[in-house]
Structure formats: C-alpha cells, structure tokens
Amino acid sequence: MKNIDADVIVIGSGVMGGLVATRLAKAGKSVIIVEAGPRVKRQEIVERFRNSPFKMSLTNMKLQGVGSPYPDLPHVPSTYGDYLQQAGPVKYPTKYLRVVGGTTWHFGSALWRMIPNDFKLQSLYGRGRDWPVAYQDLEPWYGEAERELGVSGMDGQDESGHGGEAWPPRSTPFPMKGLEPSYLFKRLSVLLGKGGYHPVMEPNGRATRPYGQRPACAGNNNCNPVCPIAAKYDGSMHIDEAERHGAKLLDNSVVYKIEADEQGNISGIWYRRPDGSNHHLTANYFVLAAYGIESPKLLLMSASERYPHGIANSSDQVGRNLMGHTGISMNLMMNEDVWPGQGPTELLVYLNSRDGDFRKDFPSYKIKVRNTVPTADYAASLIKKGVLGSKLDEELKRMSARSLNFAIDFETLPLAENRIVPSKTKKDAIGIPVPEIYYSVTDYWHAGKEQGLKDFDKFARLLNADISKIDTGYQDRQHIMGTTIMGDNPVNSVVNNQCQSHDHPNLFIAGTSVMPSASCMNPTLTGAALSLRLADYLLNTVKV
C-alpha cells in the first residue's frame, strides 16, 4: 500500500494496545496509537481523589459515580454515568476508563492465568465453547505477560484451589515474590482452613521491589481508583515505552469508522476530535484494542453498502457472547479484631470451586476477601442512626476492626443474546452512538449462586461471625469478555486463533473480547498474553 500513515495503527491505548504498540515500535515499525480519551496525570488524579467528599470504594459501588476522580468529558463521557444504555433483564453497569493507559489505571491488579481445563469447557463439561488454542499454547506468553506487567506472586501454590501440587504448569517463576499476607489474611486462613478452604494468594501487578520505574507497594490501600506512587502497573507505562521507541500517540481522537476495500482489506479509519473535526488515517495493518464494549460498537458502526452488517461481522457474532463475572457479596461482623485495610485492596482468595465435574451443573467461582475499610460509609450510617460523640468514635473503631466483605465472582457463559450494539436513539456530544447492552443470566448461574450462598453460611460459622448483609443483586465485576469471540470456524466466530479477523486479513483484535470462555478469574493477564502472541505473529509470520 502506498502513501500510508503508518505500518500499523493501534486503536486504543490500554494495556493490550500498549503491549502490541511497544513490541512493534521496538522492532522498528512505524506505529500510530489512536486513543479516544485524554492523557491523565497521576498527581492530579490523586489530588482529585483526596479532595472528593465521596471516596470510591470496592464495597460501595453506588457512590462511584460521584466519587470517580477520572475525567468525564463530552467526547468521552464517563461510564459511571448513563453512557451505557441498559436494555436487558440484568444490568451490566461495567466501569472502564477512556483515558491514555485505559482501565488498568483503576483495576484491582489481579493478574491470573487460566488453568488448562478452562480452555476445554465444552469438551469436558458440555458448557459454553472450547478455545481454538490450549493452555500450553499460551503458557510461554503468560510468562512474557507477567514479566512485562511486573507480576508479583507466590511460586509453588495450587491455583486450582484444591490444596495440592503447584498448578497450573509454569515454565518460568513469577518476576517478583508475592506480597506479605497481613494479620487479617493469616487469621482468616487459620479459621477457614478448619473447614477445608485452601487459601490462595492472588498474583497481582503490584511491585514488591523496585521494578523498572516502579517503587515497591507501600500498602496505601486505594489501588482502586488510583495507586498514588505508581507501584501498581497501569497501561500508560507501556504507552510511554512505545513512544520512547518512536510510536506516535493521538489522544482525544475518537475512532468512529473503519473502512474496508472490495478485497476485504481494511483501508483506513476515521476519527473525530472534540471540536467535531474529522480526520482520516491509513496503514498496512490495524489492531483494534478498544476493550470489550467500544471495539464491537466501532465494528458495528462501520457498516456500509459493501459491509451492511459492519466490519468483521459476516458471522453476525460481533457484539454477541458478552460475558462477565456477575457476582454476589456478604458483609460480616467478626467477634474479634482482625483489622482489614492493611496492604492492597485484595490478595486472599478461595478457589475450592474453581474446577471439577460440578461445572456440568453450576459454574466455577472465586471467593475473595475485600481488604477495604470504607470508614466514611460507616460514619454516615452511624450518624443517620443518631450515634454521635464518643459513642460514634467507639463504634467506628469496632466496625473498622471487625467488618469484613466477601465477594463471589461466577463464571458466565457466552450467550448470543447477550450483546453490545450502537444505540439507535442516543448519541454522545460529538454525534457518536452510545453503547446499548443486553445482558441476562441463566439457571446455570443461579445454580452457582445457591452453591455460593452455602459457602457464605459456612464462612460465617467458621469465623464465628454475624452476617449483616448478603447482596445477590447481580453485581458487576467490571470484567468484559467475549464480544469479538475467537474460533476456528468463521461461521460462528469473529477472529481466528491468532486474533486475526476471519473477514479482513489485515485486521487484528487485541484484548479480552476475543476470549471464548470467562473462567472465574480476572481476564487481564490472559488478554495480555494473547496480545503479546498477536504482536509476535505480526512481526514473525505476517512480517509487517
């Protein structure tokens, strides 16, 4: 192709786009990264968070709309507002960031590998779909992703949750040793261990020693919404690295159309600036890395006379098969001081129901301890009850020392009816349709909920604690998967096993949207491994 603007255009500057752009730029390729949102500065986000009367909290989702310290701009409206239109019986109020670096700015930093059986859900358990790749195909790329993202973890533990030998198989150790468990985590491990629950320490993106330009985690306990010292990985770090190797970043540039020629090759993209002006770019190859809602929305918005159903959508699967970790939670009041809030917001999990023949009947799930102390919420509830003065101080200390929150993340299945489409009735301030979401859960999920509630009851008894609240209201865990699903058959999938569009050979899709199954684990590391594998394929097989 002549007179192109770059060898490769990457749409989206989150962790997936950043990894691909960095690998390509390091190899000497010309790369343009196009990002809808603005750059943000850590010190400004931290200051905004510090000054907000409402602090974002993993245990108080209702206040996150007013408590988010991230920009809410006309051309990239915040997902904490009414940007996402809900059309299904179950709400899917996911929260992602449209800024340079993407959603990893505010993620909890859990970076798990899937286990081998997660790739064979249909073959083994008669549910969902199988992957067109196996765990062993991704294993070396998991190791690469752990190195790139700076993962700290505990070598030798059984991440299947069965308390046995080290699992899954690894060819490389974690780049950094794991964080030291707090008193809370140690005490819970003792008490719950009496009931056969095996503690697993979560691999995560927090540095436990200086790593690159990152300092060691200082335990500030506000990983969400922002790590104040940059000990936690976020995608802006790879964007900075890509730029150092010659990549060009265009921020505040909302891509709204992808063009394809008669031969099926992607020929260019159009993007819109906040002032409403439209601009065109061309390249030899294109990588779509705009996460699981914006990516399919863009493909569907790009319908034309030649491609009436949108780009990459001959299968009618673009936007479909939306998955997430729809969950439930429980608040407990302990009868002893355990002092949550020391260290990161999450680290200890229980995975006794991660894998087994039960997956034929109910989904796998993860139980996590939320290591947060929403003191302001406690104070507000006590004052509302008329508790004041020294009694208020006494009660705050008691609640802060003894209140615990446990959350369950359930695996969901890829259902064609669960989907993303561009809204036909609502547009944002620069005239681009907002996403409309249809989401539901099945009896399979409800069967998992019943099992999870049994675990909650056992937890309360083992901890000698009082249950103060159980919320079964379809909680969203902000893990978007499945909307540009991967498969060998072009009839029922969007991309092949190299994340390459079946319809357009020079279009690749990076990220968790290509995942054919969700497991019950946070998907970021799997998306990162797939993205690094994609970049390698572009460089060494396609030969960009």
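Residues numbered from 1 in each chain as written. Predicted model: local features only at pLDDT ≥ 70, side-chain atom pairs only at ≥ 80, totals over all residues. Heavy atoms only, no water.

A. Summary view of the overall build of the protein chain. Summing up its helical and strand segments, the protein chain has 12 helices and 19 strands in all. Over its C-alpha trace the protein chain gives a radius of gyration of 23 Å, about what one expects of a compact globule, namely 24 Å for 544 residues. Considered along the principal axes of its C-alpha atoms, the protein chain spans approximately 75 × 50 × 45 Å. Residue burial in the protein chain is summarised as follows: out of 544 residues, 61% are buried. At a minimum sequence separation of 6, the contacts of the protein chain that also span at least 24 residues come to 75%. Only carbon and sulfur atoms are counted for the fraction: they give 49% of the accessible area of the protein chain, which is about 20,400 Å². (Helix = DSSP H or I, 4+ residues; strand = E, 2+ residues; numbered from the N terminus. Rg over C-alpha atoms; globule rule 2.2 N^0.38 Å. Buried < 20%, exposed > 50% of the residue type's maximum accessible area, 1.4 Å probe, protein only. Contact = heavy atoms within 4.5 Å. Areas by Shrake-Rupley, 256 points an atom, 1.4 Å probe, with all protein chains shown as cover.)

B. Local environment of helix H9 (residues 375–384). Every buried residue belonging to H9 is among Tyr378, Ala379 and Leu382, and all of these are buried. One side of H9 holds all its buried residues, which, seen down the axis, span an arc of 100 degrees. Exposed residues on H9 whose side chains face more than 90 degrees from its buried face are Ala376 and Lys384. Looking at the buried positions of H9, the neighbouring elements they touch are helix H10 (389–402) and strand E15 (403–410). One or two residues past the end of H9 sits glycine 386, with phi positive at roughly 90 degrees. (Arc of directions from axis to C-beta.)

C. Spotlight on helix H7 (residues 236–244). Inspection of H7 places Ser236, His238, Ile239, Glu241 and Ala242 among the buried residues, and these make up the whole buried set. The elements touched by buried residues of H7 are helix H1 (15–26), strand E2 (31–34), helix H5 (135–149) and strand E7 (248–250). Two residues or fewer past H7, glycine 246 is found with a positive phi of approximately 105 degrees.

D. Quick peek at the pattern of salt bridges. All told, the structure shown has 31 salt bridges when counted by the stated rule. A salt bridge links glutamate 294 to arginine 98; the shortest N-O distance between them is 3.9 Å. On the criterion of sequence distance, the pair formed by glutamate 294 in helix H8 (residues 291–301) and arginine 98 in the loop between strand E3 (85–86) and helix H4 (121–125) is long-range, its members being 196 residues apart. Overall, the relative accessible area of 10% leaves glutamate 294 in the buried class. Through salt bridges with shared partners, a single network forms among Asp118, Arg354, Asp355, Arg359 and Glu411. (Salt bridge = Lys/Arg side-chain N within 4 Å of Asp/Glu carboxyl O.)

E. Molecular detail of the layout of surface pockets. Of the voids in this model, the second largest pocket is the one considered here, and its volume is about 490 Å³. What lines the second largest pocket is a set of 20 residues, among which Gln213, Arg214, Met237, His238 and Arg244 lie closest to the centre. For the lining of the second largest pocket, the elements supplying multiple residues, two or more each, are H5 and H7. Among the elements that line the lining of the second largest pocket, the one with the most residues is H7, at six residues. (1 Å grid on protein atoms, 1.4 Å probe; cavity = no way out; pocket = protein on both sides within 12 Å on 5 of 7 lines; lining within 4 Å. Points joined across faces, edges and corners; volume = space filled by probe spheres on them.)

F. Seen up close, the sheet that holds E15. Within the open sheet, the six strands sit side by side as E6-E13-E14-E15-E12-E18. Their pairing is antiparallel. Two strands lie at the open edges of the sheet, namely strand E6 (199–201) and strand E18 (466–475), each paired on one side alone. Within the sheet, the average angular offset between the axes of one strand and its neighbour, ignoring direction, is 25 degrees. By the bridge criterion, seven bridges tie strand E12 (residues 327–333) to E15 in an arrangement that is antiparallel. Pairing of methionine 333 across the sheet is with serine 403, part of E15. Contacting E6, strand E13 (346–350), strand E14 (365–370) and E15, helix H6 (residues 183–193) crosses the sheet at an angle of about 5 degrees to E13. Of the strands in this sheet, E12, E13, E14, E15 and E18 are in contact with helix H11 (residues 443–462), which crosses E12 at around 15 degrees. (Pairing = 2+ DSSP bridges. Axes fitted to C-alpha atoms, helices over the stretch in contact; angles between N-to-C directions.)

G. Summary view of empty space enclosed by the protein. For the structure on display, the rule yields six cavities of 30 Å³ or more. Roughly 830 Å³ of volume is contained in the largest cavity. Secondary-structure elements contributing two or more residues to the lining of the largest cavity are H1, strand E8 (254–260), H8 and E14. The greatest single-element share of the lining of the largest cavity, amounting to five residues, is contributed by H8. Classifying every residue of the lining of the largest cavity by side-chain character gives 22 nonpolar, 17 polar and nine charged. (Nonpolar A, V, L, I, M, F, W, Y, C, P; charged D, E, K, R; others polar.)

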